[in-house]
Amino acid sequence: MIRTFLIKNLLSADKKTKKRLKFFSEFGIFLVLAALISSGISIYYENELNKKKNKIIKLELEEFKIQEWLTDAPSRNLNNKIGKFNFDTIENNNFFNISKKRYYFFLLSWYPFTIKYAIGDIELIKNDELKVKYNFKDIKQTNQKALDYIYEIYDKLPLNEDEYLTQGEIDEIEKIFIDIPLEDIVFHLDQSEYNTLQINLFFQEYNSIVDQEKEIITKQIIEMTNKSTNAILYAFIFQLVIFSLVQVFELREIS
């Protein structure tokens, strides 16, 4: 009797130990799976968030370029207008020995090189619709013509590496400008002013597009962060329900 009682107690204790071990092992597996699934979800959403954040960084770098041209383009046109005004104030003053042709050519010489840098930045922008709207091809063509015109006149001028020109050199330059039509200089000057205005308008509209893209991506980042948190929570709840159901079925089988 005693022997049978002891055997039954030992078997019962052994079963209880096995049940506990099974429960803890299953619970451990549950925790490991929960951690793995949570990690997988986190890694997926983290990669997606990094892509969005990289886009934001690229757009912010674009904005540095945009803001530069939103300042430089109107500044170039403003300097041109101030230059014309200054010449009007000194035109009839005998103290200044400079003709309108040479002075306007000096104003023109600043434009094409500035526009050339703007063209280089615009070419990197992937927005063909905006380029068509602001006649980007025409800006390139007319600016190249202005550059060719400037180099053509420069080839006629005497070379001087000194900072200041002598009176003889100034007289020689003025003689060269006598045969150069003022209308040609004014034409390229006005065209360059118009091109600079178009460049400014281009970057203004492109700035609005970039701001809209940043706003959209920022909203996507917020939504994706919320989805990541919810996905981890739902996955954990789902696994917890499955684990609980498994335990319930096992208890029913044992009973």
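The structure this text deals with has already been given above.
Anyway, here's the lowdown on the structure attached to this text. (Residues numbered from 1 in each chain as written. Predicted model: local features only at pLDDT ≥ 70, side-chain atom pairs only at ≥ 80, totals over all residues. Heavy atoms only, no water.)

### Quick notes on the overall build of the chain
When its secondary structure is counted, the chain shows six helices and zero strands. In the chain, the order of α-helices and β-strands from amino to carboxyl end is α-α-α-α-α-α. Across the chain, the fraction of contacts at a sequence separation of at least 24, relative to all contacts at a separation of at least 6, is 85%. By element, 61% of the accessible surface of the chain is carried by carbon and sulfur atoms, the whole surface being about 17700 Å². (Helix = DSSP H or I, 4+ residues; strand = E, 2+ residues; numbered from the N terminus. Contact = heavy atoms within 4.5 Å. Areas by Shrake-Rupley, 256 points an atom, 1.4 Å probe, with all protein chains shown as cover.)

### Regarding helix α4 (residues 136-154)
Along an α-helix, a turn takes 3.6 residues, which lines up residues three or four apart on a common side. The terminal C-alpha atoms of α4 lie 27 Å apart, and with 19 residues this matches the ideal 27 Å at 1.5 Å per residue to within 8%. Residues of α4 that are buried: Phe-136, Ile-139, Thr-142, Asn-143, Ala-146, Leu-147, Tyr-149, Ile-150 and Ile-153. All buried residues of α4 fall inside an arc of 160° around its axis, so they share one side. Set apart from the buried face of α4 by more than 90 degrees, the exposed residues are Lys-137 and Lys-145. (Expected span 1.5 Å × (residues − 1). Buried < 20%, exposed > 50% of the residue type's maximum accessible area, 1.4 Å probe, protein only. Arc of directions from axis to C-beta.)

### A closer look at the pattern of salt bridges
Throughout the structure, instances matching the rule amount to nine salt bridges. One salt bridge in this structure joins Lys-81 and Glu-193, with 2.9 Å as the shortest N-O distance. A residue pair is termed long-range when its members are at least 10 positions apart, and Lys-81 in helix α1 (residues 2-90) and Glu-193 in helix α6 (residues 182-254) qualify at 112 residues. Residue Glu-193 is classed as buried on the basis of its relative accessible area of 15%. Residues Glu-193 and Lys-84 are paired through a salt bridge, measuring 3.9 Å at the closest nitrogen-oxygen approach. Taken as a pair, Glu-193 in helix α6 and Lys-84 in helix α1 lie far apart in primary sequence, 109 residues in all. (Salt bridge = Lys/Arg side-chain N within 4 Å of Asp/Glu carboxyl O.)

### Some points on the packing of aromatic side chains
The description of two aromatic rings rests on the distance between their centres and on the angle between their planes. Per the counting criterion, the structure on display carries ten aromatic pairs. Seen in terms of ring centroids, Trp-69 and Phe-203 are 6.3 Å apart; in terms of plane orientation they differ by 15°. Their pairing is stacked. One end of the pair, Trp-69, is in helix α1; the other, Phe-203, is in helix α6, with 134 residues separating them in the sequence. Each member of the pair, Trp-69 as well as Phe-203, is classed as buried. Consider the rings of Phe-87 and Tyr-103, whose centres lie 5.0 Å apart with planes at 35°: the pair is tilted. One end of the pair, Phe-87, is in helix α1; the other, Tyr-103, is in helix α2 (residues 100-123), with 16 residues separating them in the sequence. The same class applies to Phe-87 and to Tyr-103, which are both buried. Aromatic ring contacts, followed pair by pair, group Trp-69, Tyr-134, Phe-202, Phe-203 and Tyr-206 into a single cluster. Directly above the ring of Tyr-111 sits Arg-76, whose terminal nitrogen or CZ lies 5.6 Å from the centroid. (Phe/Tyr/Trp six-rings, centres within 6.5 Å; stacked < 30°, edge-to-face > 60°. Lys NZ or Arg CZ within 6 Å of the ring centre and 35° of its normal.)

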